[in-house]
Amino acid sequence: MVSALPERTSARTSSGTSPRTSLVVLDMAGTTVADGGLVAQAFSAAAQRLGVAPDSAGHARMLDHVRATMGESKISVFRHLFDDETTAQRANTAFEAAYGELVDGGCIAPVPGAREAIETMREAGLTTVLTTGFARVTQDAILTALGWRDLADLTLCPADAGGRGRPYPDLLLTALLRTRAADSVRQIAAVGDTSSDMLAGHRAGAGLVAGVLTGAHRAQTLWDSGATHVLTSVAELPSLIGGE
């Protein structure tokens, strides 16, 4: 983790040494998709199915961990919470099912300006990739619910990157390898709302690591985790990239 940086609420000017962005890799929930806290709701439903009482100390402890690890691969989170792989897989399956039911119930919406931002960047010749810590079936349900199946050039989940999601750099590097849209990792812009997103971008060597304030973590956490910029929302991203 990088050293603490001063609290900011707007973009910080970069050093000017990075090549111009050609590949933009964006997180979904909290960054481009507003889910209204569905992760916590789906976790509570999944935990209850596994016998964890909603009002118990164990439930509260687990929920705290889920919130602290927003942005990470969900199976990795459940492996931390439960003692064995079988239980972790059961929990993950129950979570994905509960989240999918909430998505089907119309409980998600685009972050204001997100679709327009992605369309603007694509029109400008940038390659865009949407990533998630959810399983493919859940990612597809979100994309379908929003009418986003063709919005980005590519969509990726942890299974597409060998099973490792954020904070590992694998999703970003997979995006680069799949699209061949950049000659260097420094031409990647990594965008997300959590410390895991920032750390993944930092580890991948992305030239621009932008945090947004529409999701799980506050500005200082994003700066501390490797952000080069912090934006109010993803709607500001095209202007930032266009001004490089």
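Moving on, we get to the overall build of the chain. When you go through the chain residue by residue, the secondary structure sums to ten helices and eight strands. Relative to the globule expectation of 18 Å for 244 residues, the C-alpha radius of gyration of the chain, 17 Å, shows essentially globular dimensions. Each principal axis of the C-alpha distribution contributes one length, and for the chain these read about 55 × 40 × 30 Å. Within the span of the chain, comprising 244 residues, buried residues form 55% of the whole.

The subject of this paragraph is the environment of I118. Following the sequence through the fold, I118 ends up in helix α5 (residues 114-123). Each C-alpha atom of the pair I118 and L237 lies 8.9 Å from the other, and the pair is 119 residues apart in sequence. When neighbours within four sequence positions are excluded, I118 is seen to be in contact with L26, T32, T128, L130 and L151.

As enumerated under the stated definition, the model contains nine salt bridges in all. For R166, the salt bridge is made with D27, and the minimal N-O distance between the two is 2.9 Å. Highlighted residues: R166 in the loop between β5 (154-156) and α7 (170-179) and D27 in strand β1 (residues 23-27), separated in sequence by 139 residues. We note that R166, like D27, is buried. Taking the shortest distance from any N to any O, the salt bridge between D140 and R149 comes out at 4.0 Å. Note on R149: relative accessible area 46%, which makes it partly exposed. Here the residues in one salt-bridge network are R136, D140, R149 and D160, joined through shared partners.

Further remarks concern unusual backbone geometry. Backbone torsion omega between R166 and P167 reads 15°, so that peptide bond is classified as cis. Counting through the fold element by element, P167 comes out in the loop between β5 and α7. The backbone of R180 shows a phi angle near 55°, a positive value even though the residue is not glycine. Secondary-structure assignment places R180 in the loop between α7 and β6 (188-192). A relative accessible area of 74% means that R180 is categorised as exposed.

Moving on: the packing of aromatic side chains. Under the criterion given, the structure shown has six aromatic pairs. Between F43 and F78 the ring centres are 6.1 Å apart and the planes differ by 20°, which places this aromatic pair in the stacked class. With F43 in helix α1 (residues 38-49) and F78 in helix α3 (residues 74-81), this pair connects stretches of sequence that are 35 residues apart. Given the relative accessible area of 0%, F43 is considered buried. For F78, a relative accessible area of 3% translates into the label buried. These aromatic residues form a ring-pair network of at least three members: F43, F78, F82, F95, Y99 and F134. For R164, the ring lying beneath its charged end belongs to Y168, and the centroid distance is 3.9 Å.

Looking now at the confidence of the model for the chain. Averaged over every residue, the pLDDT of the chain is 86; residues scoring 70 or more account for 92%. Contacts from residues 1-16, a stretch scored under 50 in pLDDT, to residues over four places away or in other chains number 35 contacts.

Here the focus is the side chain of H229. Structurally, the position occupied by H229 is in strand β8 (residues 229-231). According to the relative accessible area criterion, H229 is buried, its value standing at 3%. A polar contact is formed between the side chain of H229 and the side chain of T228, at a distance of 2.8 Å.

What counts and what doesn't
- Residues numbered from 1 in each chain as written.
- Predicted model: local features only at pLDDT ≥ 70, side-chain atom pairs only at ≥ 80, totals over all residues.
- Heavy atoms only, no water.
- Helix = DSSP H or I, 4+ residues; strand = E, 2+ residues; numbered from the N terminus.
- Rg over C-alpha atoms; globule rule 2.2 N^0.38 Å.
- Buried < 20%, exposed > 50% of the residue type's maximum accessible area, 1.4 Å probe, protein only.
- Contact = heavy atoms within 4.5 Å.
- Salt bridge = Lys/Arg side-chain N within 4 Å of Asp/Glu carboxyl O.
- Phe/Tyr/Trp six-rings, centres within 6.5 Å; stacked < 30°, edge-to-face > 60°.
- Lys NZ or Arg CZ within 6 Å of the ring centre and 35° of its normal.
- pLDDT = per-residue confidence, 0-100.
- Polar contact = N/O pair within 3.5 Å; in protein donor to acceptor, adjacent residues only side chain to side chain.

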